[in-house]
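Listed below, chain by chain, are the residues.
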Protein chains: 2
Amino acid sequence: MDQKLADLISLGLTRPSPVIILVEQQLFENIGMVARAMANFGLGELRLVKPRDGWSVSSTLPKGAHQAASGAVPVLEAAKLFDDVRAATADMNRVYATTARERDQMKQVLTPGEAMPQMAARIATGERVGILFGRERTGLENAEIGMSNAIITFPVNPVFSSLNLAQAVLLIGYEWMKHARNDAVPYTRETDVAPARQATLLSFFDFLDAELDKAGHFPADKRDIMSRNLRDILQRREMSEQDVRSLRGAISALVRRNS
Amino acid sequence: MDQKLADLISLGLTRPSPVIILVEQQLFENIGMVARAMANFGLGELRLVKPRDGWSVSSTLPKGAHQAASGAVPVLEAAKLFDDVRAATADMNRVYATTARERDQMKQVLTPGEAMPQMAARIATGERVGILFGRERTGLENAEIGMSNAIITFPVNPVFSSLNLAQAVLLIGYEWMKHARNDAVPYTRETDVAPARQATLLSFFDFLDAELDKAGHFPADKRDIMSRNLRDILQRREMSEQDVRSLRGAISALVRRNS
């Protein structure tokens, strides 16, 4: 197998996903940081339109890009180089242009969160979807935005917006992964443990009441409400069998002391 | 008006929002980049727990932090310094711990997107919500996570996850801004009573530990895990100030008996 492909597979980056297209980036470091942001969120396909300082797809990667990419070098190694946006998007079924400023173009403007369901739906049917990111300082040209089907913009603080390129790609990737995974967390959660059976709980509550009775904790006229209140507090915890045992053990220890 | 406040207002950073709490950061640059990520998404309140190289709230800001913050310097200037997580969260009603790895703690695990509706709803009712971010390399300690009500984790590529601190804060801010912009947040509170402040809870936990120590409940080699486990059980669903008083009263009664 092609080594580049094998490397991408090992990073879990070969599933169909939006293609990130960087237009005339000035700094290799930024290209590297984009690759790293992509790998974090399962995006493996990168296209470069005329980086200012060139790019070589055959020989070694530019050092600055390599370092900034950290472990995401396979994304850089698999990157494809193009002369202009037209060529870079030729095989795409749908192209989104990212831009921070309002543009005088009659296009749909979406947030990353709004764009993602339609991207995912298209990709699921085999379509190719690309997202354009412009130059560090000046962004995309109007003609480049004109070649896109829709605009993506980021819901930033209107008085302070200084997202850099890698951050913008990061947010796209984050929404992509959220959508692809349905917002699932990568590890197990509280609800995997079954709640204690009611018998265990009620027995524990009876035990607690009895001990508090012996300790004279309940004024006669308030016993019911105070007891119920304690049960409420403890019941709200959705305790497992083990939880109840732990708590009962602690209470027993306190009770046994000095007795 | 206070100049610091005026600066925050001019950046649109004074609306109630989650408090970002950085624990023992090593590099000033990272603190600066966090401030910038915060300002991008309308988060203005930053707390620092013992940055490795110190911090001065009265004199000039560390240079590295100042530069990395770019225009978000007002966030740094308004940052508050604390000795430990306990002090930094004392006035919080709810604390979230961010962590990349699975922790052996029985806490709810949420993505930023899942956490945000509940955060927003709580903040809207005047509660104070804090989010803990750990050290660059080692993250949060188990005891620090133990002081939190829930865990936030990021849905990253399981084979390649290298989110840095500022990126993690960026994603939190992004979700915050997304939610803050939606006027309707459909969320019904479990109870209408505000959760106890963190100071009340931690003081209760200390009291419980001390009594269980006196009662000889903890085997020396299992003290930490048993204590943390009890805190988890009690912290899993929030208790109000009144709840904590009720429980503390009951425990005190058990302890006083026969002594």
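Bear in mind the structure is a predicted one, so any value in this text is a computation, not a measurement.

## Focus: the layout of surface pockets
Phase 1 of the analysis: Roughly 870 Å³ of internal volume is contained in the largest pocket.
Phase 2 of the analysis: Lining the largest pocket we find 36 residues, and of these Thr-99, Ala-100, Phe-154, Leu-163 and Ala-168 of chain A sit closest to its centre.
Phase 3 of the analysis: Secondary-structure elements contributing two or more residues to the lining of the largest pocket are α2 (28-40), α6 (112-124) and α8 (165-181) of chain A together with α8 (165-181) of chain B.
Phase 4 of the analysis: Residues that form the lining of the largest pocket fall into these classes: 12 nonpolar, 16 polar and eight charged.

## Here we look at the sheet that holds strand β5 (residues 108-110) of chain B
All names here are of chain B.
Phase 1 of the analysis: Within the open sheet, the seven strands sit side by side as β3-β2-β1-β6-β4-β7-β5. Their pairing is parallel. Here the strands that pair on one side only, and so sit at the sheet edges, are β3 (80-82) and β5. Each strand of the sheet is rotated relative to its neighbour by a mean of 25°, with strand direction disregarded.
Phase 2 of the analysis: Examined bridge by bridge, strand β1 (residues 19-23) and strand β2 (residues 46-49) share four bridges and lie parallel to one another.

## Some words on the interface of chain B and chain A
Phase 1 of the analysis: Listed per partner, the contact involves 73 residues of chain B and 66 residues of chain A.
Phase 2 of the analysis: Surface buried jointly by chain B and chain A totals about 6100 Å² across both partners, of which 60% is contributed by carbon and sulfur atoms.
Phase 3 of the analysis: Counting the contacts that link chain B with chain A gives two salt bridges.
Phase 4 of the analysis: In this structure, Lys-178 of chain B engages Glu-175 of chain A in a salt bridge whose closest nitrogen and oxygen atoms are separated by 2.6 Å.
Phase 5 of the analysis: Counting the contacts that link chain B with chain A gives 16 residue pairs in polar contact (both at pLDDT 80 or more).
Phase 6 of the analysis: Listing elements by their share of the side of chain B that touches chain A, those giving two or more residues are α2 (28-40), β5, α6 (112-124), α8, α9 (198-214), α10 (223-235) and α11 (241-256) of chain B.
Phase 7 of the analysis: Among the elements that take part in the side of chain B that touches chain A, α11 of chain B stands out by supplying nine residues, more than any other.
Phase 8 of the analysis: Grouping the amino acids of the side of chain B that touches chain A by side-chain chemistry returns 36 nonpolar, 21 polar and 16 charged.

## Quick notes on the pairing of strand β4 (residues 94-98) of chain B
Taken residue by residue, a regular strand's side chains alternate between the two faces of the sheet.
Residues and elements named next belong to chain B.
Phase 1 of the analysis: Along β4, five of the five residues are buried, which leaves the element largely enclosed by surrounding structure.
Phase 2 of the analysis: Every second residue of β4 is oriented toward a common face, with Arg-94, Tyr-96 and Thr-98 on one face and Val-95 and Ala-97 on the other, all of them buried.
Phase 3 of the analysis: As defined by bridge partners, β4 adjoins strand β6 (residues 129-133) across four bridges and the pair is classed as parallel. Bridging across to β6, Ala-97 finds its partner in Leu-132.
Phase 4 of the analysis: Pairing geometry for β4 and strand β7 (residues 150-152), over three bridges, is parallel. Pairing of Tyr-96 across the sheet is with Ala-150, part of β7.

## Comments concerning the packing of α9 of chain B against α11 of chain B
For any two helices packed against each other, the geometry comes down to the angle between their axes and how far apart the axes lie.
Residues and elements named next belong to chain B.
Phase 1 of the analysis: At a minimum axis separation of 10 Å, α9 and α11 run at an interaxial angle of 15°. Between α9 and α11, the crossing angle belongs to the class labelled roughly parallel. The crossing of α9 and α11 is left-handed. For the pair α9 and α11, the contacting residues are Thr-200, Leu-201, Ser-203, Phe-204, Phe-207, Leu-208 and Glu-211 in the first and Glu-241, Val-244, Leu-247, Arg-248, Ile-251, Ser-252 and Val-255 in the second.
Phase 2 of the analysis: Taken together, the residues that form the contact of α9 with α11 break down as eight nonpolar, three polar and three charged.

Calculation criteria
- Residues numbered from 1 in each chain as written.
- Chains lettered and ligands numbered in written order.
- Predicted model: local features only at pLDDT ≥ 70, side-chain atom pairs only at ≥ 80, totals over all residues.
- Heavy atoms only, no water.
- 1 Å grid on protein atoms, 1.4 Å probe; cavity = no way out; pocket = protein on both sides within 12 Å on 5 of 7 lines; lining within 4 Å.
- Points joined across faces, edges and corners; volume = space filled by probe spheres on them.
- Helix = DSSP H or I, 4+ residues; strand = E, 2+ residues; numbered from the N terminus.
- Nonpolar A, V, L, I, M, F, W, Y, C, P; charged D, E, K, R; others polar.
- Pairing = 2+ DSSP bridges.
- Axes fitted to C-alpha atoms, helices over the stretch in contact; angles between N-to-C directions.
- Contact = heavy atoms within 4.5 Å.
- Buried area = accessible area lost by both parts, 1.4 Å probe.
- Salt bridge = Lys/Arg side-chain N within 4 Å of Asp/Glu carboxyl O.
- Polar contact = N/O pair within 3.5 Å; in protein donor to acceptor, adjacent residues only side chain to side chain.
- Buried < 20%, exposed > 50% of the residue type's maximum accessible area, 1.4 Å probe, protein only.
- Parallel < 35°, antiparallel > 145°, perpendicular 65-115°, else oblique.
- Left-handed = near helix turned anticlockwise from the far one by under 90°.

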